[in-house]
Amino acid sequence: MTINRVTVVGAGVMGRGIAYVSALSGYQTELVDVSEEQLQDAYEHTKQTAAKGIKRGKVTEEEAEQLLERLHTSLDLASSAASADLVIEAVPEKSDLKQKVLETADQHAPDHTILASNTSTISPTELGSYTKRPEKVVAMHFFNPVHVMKLVEIIRGLETSDETVEMVRQTAEKMGKETVEVNEFPGFVTSRISALVGNEAFHMLQEGVASAEDIDKAIKLGLNYPMGPLELGDLVGLDARLNNLNYLYETLGEKYRPAPLLEKYVKAGRLGRKTGRGVYDYSNENELIKK
Ligand code: NAD
């Protein structure tokens, strides 16, 4: 089987990034969402990413042009899945939402189609159980920002076939990524560590151990992380971070209980860069404010 057509479901932070690398690497790509506004925003964002790529010498003008020719948008998952060889879902990290998307994709996609999830934490065995093709369900975990980050974690569920794992490995490599294969366990490798570090930083901020800027600076310069955990949380989205922690808290226990300050920020709608304010304020990019 050859993968030619990719459907990406969810045009948010991750879906638009996955669609970008997919179209850039030669796949006919359709980005599907329930919101026309999100689709338009994602398309504009893709054009800007391509334009920046040209300026930085990462993509040629011709590659950017072809990328945009290969990228389509749709509000109709059923018809998009009907012509896809690979569906990658990137809807919010909620089992019921993912279930709905996978059930629809399973119902309408041809038998050969692989259904992949960009989940950060949820068991691919559970995701496979929502379909009649668990051997073709797999987690394909990209990182943010997708066009920059090198890794894709591949996680097989109980029934995932070797062929499915091999196909998504080849696809990720064609998209310019390195892969690791991880055994199924909540949070895989990266989300589990990242959730703990991010949550601990929120506890420290709440306890007044140091300012947000100094916590981030200490971790970057003292531990050689490329980004501080609080600025990373703002990039990932604090709602996404909270969802991950809640899932890990339910599945792995007490040490993942979300910090109350993180819950408070999410309640207040301070979700990070995407809403203009999280731990830091992005209304003026040069001006960082605390709590
Ligand atoms: P997001 O909230 O930015 O975007 C989700 C998109 O899905 C929205 O555009 C929304 O309109 C759309 N959507 C909701 N229900 C839908 C449906 N039924 N059909 C089609 N579209 C629907 O979310 P995100 O941060 O991109 O996260 C998506 C997934 O990727 C999650 O599983 C998350 O855990 C995972 N992930 C996120 C990051 C990150 O840094 N944000 C990193 C790795 C993995």
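Just so it is clear, the model here is predicted, and its values are computed rather than measured.

A. Broad picture of the packing of aromatic side chains. Inspection of every chain in the model, using the stated rule, returns one aromatic pair. Summarising the aromatic geometry, the rings of Phe202 and Tyr265 are spaced 5.8 Å apart at their centres and angled 80° between planes, so their arrangement reads as edge-to-face. Here the residue Phe202 occupies a position in helix H8 (residues 190-207), and Tyr265 occupies one in helix H12 (residues 260-267), the gap between them amounting to 63 residues. Of the two residues, Phe202 and Tyr265, neither departs from the other in class, the shared state being buried. The ring of Tyr27 is capped by Lys174, whose NZ or CZ atom sits 4.4 Å from the centre of that ring. Here the guanidinium or amino end of Arg270 rests over the ring plane of Tyr265, the centre of that ring lying 4.3 Å away.

B. Fine view of the UniProt feature "domain: 3-hydroxyacyl-CoA dehydrogenase NAD binding" (unreviewed entry) in the protein chain. The UniProt entry lists residues 6-184 under the feature "domain: 3-hydroxyacyl-CoA dehydrogenase NAD binding" (unreviewed entry), expressed in the numbering used here. Spanning residues 6-184, this segment combines 45% helix with 21% strand, and its end C-alpha atoms are found 24 Å apart.

C. Summary view of the pairing of strand S8 (residues 178-182). Across five bridges, strand S7 (residues 151-156) lies against S8 in parallel orientation. Looking at S8, one finds that Ile155 is bridged to Val182.

D. Inspection of the domain arrangement of the protein chain at higher detail. Under the domain assignment used here, the protein chain contains domain 1 (5-182) and domain 2 (190-279). Centre-to-centre, using C-alpha coordinates, domain 1 lies 26 Å away from domain 2. In this complex, domain 1 contributes 14 residues to the contact, which on the side of domain 2 involves nine residues. Taken over both partners, the interface formed by domain 1 and domain 2 buries close to 870 Å², and the fraction arising from carbon and sulfur atoms is 54%.

Criteria and cut-off values
- Residues numbered from 1 in each chain as written.
- Predicted model: local features only at pLDDT ≥ 70, side-chain atom pairs only at ≥ 80, totals over all residues.
- Heavy atoms only, no water.
- Phe/Tyr/Trp six-rings, centres within 6.5 Å; stacked < 30°, edge-to-face > 60°.
- Helix = DSSP H or I, 4+ residues; strand = E, 2+ residues; numbered from the N terminus.
- Buried < 20%, exposed > 50% of the residue type's maximum accessible area, 1.4 Å probe, protein only.
- Lys NZ or Arg CZ within 6 Å of the ring centre and 35° of its normal.
- UniProt positions renumbered as here; feature names shortened; annotations may be inferred.
- Pairing = 2+ DSSP bridges.
- Domains from an automatic or database assignment.
- Contact = heavy atoms within 4.5 Å.
- Buried area = accessible area lost by both parts, 1.4 Å probe.

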